[in-house]
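Breakdown of the fold
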Amino acid sequence: MTDRRMFPHGPPSPTPVRRWRPLLLLAAALVAGTAVLPPGIAAAAPLRSDSWESYGRGLGGGVTIVPGRSGLVEISGYDGADLPAGSSLRLTAPAGARVTGTPLADTARFQGSVTADGAAGTYTYVRDSGPGSWKDGGYPFALAVDTRAVPGTRLPGCDVELTDAGGTRRASGRCTVTVGMPVPMLTEPAGGTFVSGAARLAGTSYPGARVSVVDAAERKVCAGVARVDGTWACTPDTPLPAGANRLHASAAFNGVSAVGEDVDFTVTARTA
């Protein structure tokens with residue numbers, strides 16, 4: 001099913017400025033203590049010292065994953081009170097991705113689970129708490145990014161929450177999942193071949209990416225743009241020298257980039 005958060009049909013409608021005036025007046029009244037809330041709306045209670053806001057709220061992590069691939073996002077940053085057995089850390093997958101695993105599962109300390117649809121993953125602490133529980137390093141969640149994800153975008157909705165054994169939230173945060181750039185390929189000339197000159201270089205990359213071909217000394221040989229089908233081609237600005245050559249392609253799109261593998265080939269000497 002297509003996720004409408006990831007593939008929106010258009011930008012949200014702007015909120016008219018005039019709607020903000022009643023909200024501003026209500027906010028001012030609340031601060032002054034004079035506001036009368038409509039029936040059915042209760043005022044928020046003051047924060048208690050044992051509320052979850054008094055615990056660490058620095059949970060988070062980040063990862064860059066190429067479309068159609070998987071990666072690990074490590075969640076860390078909890079600095080609150082030690083939590084006993086039964087406490088759990090839950091990650092909700094962002095739009096355009098799904099949780100595929102909890103690598104720390106089946107250890108003596110943690111049990112892991114993933115929902116059938118990959119919407120979330122959870123670690124549960126199964127041993128009595130000691131000093132530093134949930135503080136002793138990152139907790140990795142495996143995420144798989146949809147093949148339709150656009151490089152350079154950040155997938156929205158990656159949330160994390162730490163709860164105690166009774167289900168009370170003790171900390172929360174967000175993780176950042178950036179869609180990476182697929183590695184470009186230089187397929188012509190093929191590696192290990194002998195070519196008479198090299199008037200054309202070609203390969204594949206993400207559609208719309210700006211592809212540059214550089215030599216072993218990082219000098220640009222030529223550049224082009226990947227077509228809709230992902231193919232690209234360019235002609236060297238100057239003829240490649242006779243003998244051994246080493247080239248690789250780099251690609252950039254939407255603020256992210258990737259470098260392909262070196263391709264070694266030999267240009268045969270030209271005859272008069």
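As shown above, the structure is provided for reference.
The following refers to the structure shown. As a convention, each chain's residues are numbered from 1 in the sequence order in which they are written. Reporting in this predicted model follows two pLDDT cut-offs: at least 70 for local features of residues, and 80 or more for side-chain atom pairs to be given and counted; totals over whole chains, interfaces and linings ignore these cut-offs and use all residues. Each side-chain value is worked out from all heavy atoms of the structure, with water and hydrogens disregarded.

Moving on: unusual backbone geometry. Going from Glu 188 to Pro 189, the amide bond is cis rather than trans, its omega being 5°. Strands here are runs of E lasting at least two residues and helices are runs of H or I lasting at least four, both read from the DSSP assignment and numbered beginning at the N terminus. By the element assignment, Pro 189 lies in the loop between strand S11 (185–188) and strand S12 (194–195). You will see that Glu 218, though not glycine, has its phi angle at about 65°, which is positive. For every residue, the accessible area obtained with a 1.4 Å probe (protein chains only) is divided by the maximum for its type, and the residue is called buried under 20%, exposed over 50%, and partly exposed between those limits. We classify Glu 218 as exposed; its relative accessible area is 55%. Of note in this structure, Asn 254 is not a glycine but carries a positive phi near 55°.

Now for empty space enclosed by the protein. A 1.4 Å probe that fits but cannot get out identifies a cavity on a 1 Å grid over protein atoms alone, an open set with protein on both sides within 12 Å along at least five of seven lines counts as a pocket, and a residue lines either if it has an atom within 4 Å of a point. Grid points are joined across faces, edges and corners, and a volume is the space filled by probe spheres set on the points. One pass over the full model with this rule turns up 1 cavity of 30 Å³ or more. Its volume calculated, the largest cavity comes out at about 50 Å³. If you trace the largest cavity, you find it lined by Leu 59, Ile 75, Ser 76, Tyr 78, Leu 89, Trp 134, Tyr 139 and Leu 162. For the lining of the largest cavity, the residue count by class is 7 nonpolar, 1 polar and no charged. For this classification, Asp, Glu, Lys and Arg are treated as charged, while Ala, Val, Leu, Ile, Met, Phe, Trp, Tyr, Cys and Pro are nonpolar and the rest, including Gly, are polar.

Moving on to the state of the cysteines. The criterion for a disulfide is a pair of cysteine sulfur atoms lying within 2.5 Å. Counted according to the given criterion, the structure contains 2 disulfides. Put simply, Cys 158 and Cys 175 are joined by a disulfide, and their sulfur atoms are 1.6 Å apart. With the S-S dihedral at roughly -75°, the linkage between Cys 158 and Cys 175 falls on the left-handed side. With a gap of 17 residues between them, Cys 158 in the loop between strand S8 (154–155) and strand S9 (159–163) and Cys 175 in strand S10 (residues 169–179) connect regions that are remote in the sequence. Take Cys 158 and Cys 175: they sit in the same class, and that class is buried. Each bonded cysteine of the protein chain gets a number by its place in the sequence, and the pairs then read 1-2, 3-4.

Estimated volume of the second largest pocket: approximately 220 Å³. Asp 215, Arg 219, Val 221, Leu 240 and Pro 241 are, among the 16 residues lining the second largest pocket, the residues nearest its centre. Elements with a contribution of two residues or more to the lining of the second largest pocket: strand S15 (220–225) and strand S17 (243–253). It is S17 that provides the largest number of residues to the lining of the second largest pocket, a total of 4 residues. Counted by class, the lining of the second largest pocket contains 9 nonpolar, 2 polar and 5 charged residues.

What follows deals with the environment of Val 228. Turning to its location among the elements, Val 228 is positioned in the loop between S15 and strand S16 (231–234). With relative accessibility at 81%, the residue Val 228 sits in the exposed group. Taking C-alpha positions, Val 228 is 5.0 Å from Pro 207, a pair spaced 21 residues apart along the chain.

All quantities given are derived from atomic positions and should not be read as evidence of function.
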